[in-house]
Amino acid sequence: MGLLTGLLRARKLLLVILVPLLLLPLPMLHSSSEAACAYVLTVTAVYWVSEAVPLGAAALVPAFLYPFFGVLRSSEVAAEYFKNTTLLLVGVICVAAAVEKWNLHKRIALRMVIMAGAKPGMLLLCFMCCTTLLSMWLSNTSTTAMVMPIVEAVLQELVSAEEEQLVASNAGIEEAEPISLDVNNSQPSLELIFVNEETSTTDSTSLMQNKNLNGVSTGTSPVKPAKHQSKKQPPPQEKPPVLTPGAKNQGVNRKYKSQHDQMICKCLSLSISYAATIGGLTTIIGTSTSLIFLEHFNNQYPAAEVVNFGTWFLFSFPISLIMLVVSWFWMHWLFLGCNFKETCSLSKKNKTKREELSEKRIREEYEKLGAISYPEMVTGFFFILMTVLWFTREPGFVPGWDSFFEKKGYRTDATVSVFLGFLLFLIPAKKPCFGKKKDGEDKEPSLGMEPIITWKDFQKTMPWEIVILVGGGYALASGSKSSGLSTWIGHQMLSLSSLPPWAITLLACILVSIVTEFVSNPATITIFLPILCSLSESLHINPLYTLIPVTMCISFAVMLPVGNPPNAIVFSYGHCQIKDMVKAGLGVNIIGLVIVMVAINTWGVSLFHLDTFPAWAKVSNITDQA
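Residues numbered from 1 in each chain as written. Predicted model: local features only at pLDDT ≥ 70, side-chain atom pairs only at ≥ 80, totals over all residues. Heavy atoms only, no water.

What about the environment of N103?
Here comes step 1: Along the polypeptide, N103 turns up in the loop between α8 (84-101) and α9 (104-116).
Here comes step 2: Measuring from C-alpha to C-alpha, the distance between N103 and L369 comes to 8.4 Å, with 266 residues separating the pair along the chain. (Helix = DSSP H or I, 4+ residues; strand = E, 2+ residues; numbered from the N terminus.)

Quick look at the packing of aromatic side chains
The relation between two aromatic rings is expressed through the spacing of the ring centres and the mutual angle of the planes.
Here comes step 1: Counting across every chain of the model gives 19 aromatic pairs.
Here comes step 2: With a centroid separation of 4.8 Å and 40° between ring planes, the pair formed by W455 and F458 is classed as tilted. Of this pair, W455 and F458 both sit in helix α23 (residues 455-461), three residues apart, which is roughly one turn of that helix.
Here comes step 3: Overall, the relative accessible area of 2% leaves F458 in the buried class.
Here comes step 4: Ring-pair connections join several aromatic residues into one group, and the members of that group are F293, F297, Y301, W312 and W616. (Phe/Tyr/Trp six-rings, centres within 6.5 Å; stacked < 30°, edge-to-face > 60°. Buried < 20%, exposed > 50% of the residue type's maximum accessible area, 1.4 Å probe, protein only.)

Considering the layout of surface pockets
Here comes step 1: Reported here for the second largest pocket is a volume of approximately 430 Å³.
Here comes step 2: Around the second largest pocket sit 21 residues that line it, and N298, E305, V307, R393 and T412 are the ones nearest its centre.
Here comes step 3: Elements that contribute at least two residues to the lining of the second largest pocket include exactly α8, α16 (288-300) and α21 (413-424).
Here comes step 4: Among the residues forming the lining of the second largest pocket, the class breakdown is eight nonpolar, six polar and seven charged. (1 Å grid on protein atoms, 1.4 Å probe; cavity = no way out; pocket = protein on both sides within 12 Å on 5 of 7 lines; lining within 4 Å. Points joined across faces, edges and corners; volume = space filled by probe spheres on them. Nonpolar A, V, L, I, M, F, W, Y, C, P; charged D, E, K, R; others polar.)

Remarks on helix α6 (residues 61-69)
Here comes step 1: For α6, the complete set of buried residues consists of V61, P62, L65 and Y66. Looking straight down α6, one finds its buried side chains confined to an arc of 105°; they lie on one side. Opposite the buried face of α6, by more than 90 degrees, sit the exposed residues F64 and F68.
Here comes step 2: Elements in contact with the buried residues of α6: α4 (33-50), α5 (55-58), α7 (74-79) and α24 (464-483).
Here comes step 3: Phi for G70, located one or two positions after α6, is positive at around 75°. (Arc of directions from axis to C-beta. Contact = heavy atoms within 4.5 Å.)

Examining the confidence of the model for the protein
Here comes step 1: In this model, the protein carries an average pLDDT of 74, and 76% of its residues clear a pLDDT of 70 or more.
Here comes step 2: By mean pLDDT, helix α12 (residues 190-195) is the weakest element of the protein at 31, and helix α28 (residues 543-553) is the strongest at 92.
Here comes step 3: Across residues 439-447 the pLDDT falls below 50, and counting only partners more than four positions away or on other chains, this stretch makes three contacts in the model. (pLDDT = per-residue confidence, 0-100.)

Quick notes on unusual backbone geometry
Here comes step 1: At H540, a position not held by glycine, the phi torsion is positive, near 55°.
Here comes step 2: Relative to the elements of secondary structure, H540 occurs in the loop between α27 (521-538) and α28.
Here comes step 3: The exposure class of H540 is exposed, given its relative accessible area of 52%.
Here comes step 4: Positive phi is not limited to glycine here, since H609 has a value of about 55°.
Here comes step 5: Residue position: H609 is located in the loop between α31 (603-608) and α32 (615-625).

See below:
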């Protein structure tokens, strides 16, 4: 019994050692580049799927095994680990760090809640829209971790507002103190958020206790209660504390006054995770899976200048919009029923005293943020400017600003994001004053020299694990192409040529949707991309016809807490059970799969010319066969 227990404890170490040894006969008996590449690919894939070692560490396996087996030179492998999308990510993270540092996300979320009111249906729609908007530009995980504390505070107000009002009236208190503040808990640190983006979580209970996620410490610290401030700008480092999952919060055993209150809490909590996934589909920088697809596609087909920020947005924005509306109806019907008139009414006459008190508390939370600060305005301006420059670089239907330069093709979306991110390190966080200084303004001269973001802010949020993971995927793809393994795999799948293209795409989407529930999203897409490229070339199907739907469906890991970190964050708040996530997530998964398949066969065909086998794919195919 003791031996068995020891083996179970050391199972990951045994897996790391035994897998390479058991597979070693493959390159030894078949001394070819294809066999050696297959060996490296299999070992890396097993490490990723089992998470026996961290994902980033497993991505380094090709860096030493490819040169060892003579598949690629060491310098060639090293070049695959830092690509154009890495620079794009660097610039985006700079803006994301500024948004988080200056609480711009909280201002947007609370403002939208105030506009929606306290009706459950409108609150659900409001939070889903807000989360989707933020998730377009930030990682799904960071968006969920930013919005969920606000949702939890609002839920506490909704559930307890009526009871507090009765207590206050009986005791003769003019105004009850807000209960949405918990000084013993703090907002989850972004240090774990970006590092673990789109990776699977193996222990949800550890997140409940704010200990770790995928082995990365959260590093949270106690937050002091925020004092009520006037219209003056709040200090940049003081953030209004909000409820977060912690020991105190979980110890209440989630007692609800009614079944309706419990359904509201479940519905709002789960909708945040689903909305973050929907928002991540909208932009090419919304999730790491989209970035991995873009870089892999550009490497595999360098002559194909068809996928950029603008074309991806034109294709995916209608998908996200339709998914958002249909998912809202699905969540409302599943948890709140079909009485949309009662739960979505905007009339002030229909508001109960409980809802009026809840709205009052939400306004108080918003007022604590004070007037919009100068750093928030600068961050918001850069946010909008970066988007506009991305859209107008190469719109497609009209010449973009890139056409003003003599040499074409030198500037990409990464050029814009890195430039604007660099400026955030230079612009002072204190509004410049060119006139006469007022009394007391020179007491803290150091504040005037601090930029919008510092290098420490950038380091906390830069997802180096994802960068290395993506680089490992590029290295595997490059080795598969140069060794001829991708061509061999494509020939083995010629038996599927009897199926229509839409059926092949549907089967691939269903397969990855199942796999991604148990395997991390980046690992799933890294494994499937080379296979699907070879399959498309062998069957003379436009590669985008398969790659784009599969990339989107990989993000639909919404049925289990271990599917992705947003699920684990939502689950940790204790409002929903696994059966609730499976039931609601299955519906969202089916909705997404149907909408993506409809989109790729309608406006996707005309946007990407999917009805023809393109010349850039033929060139790649001929090169591989040679």
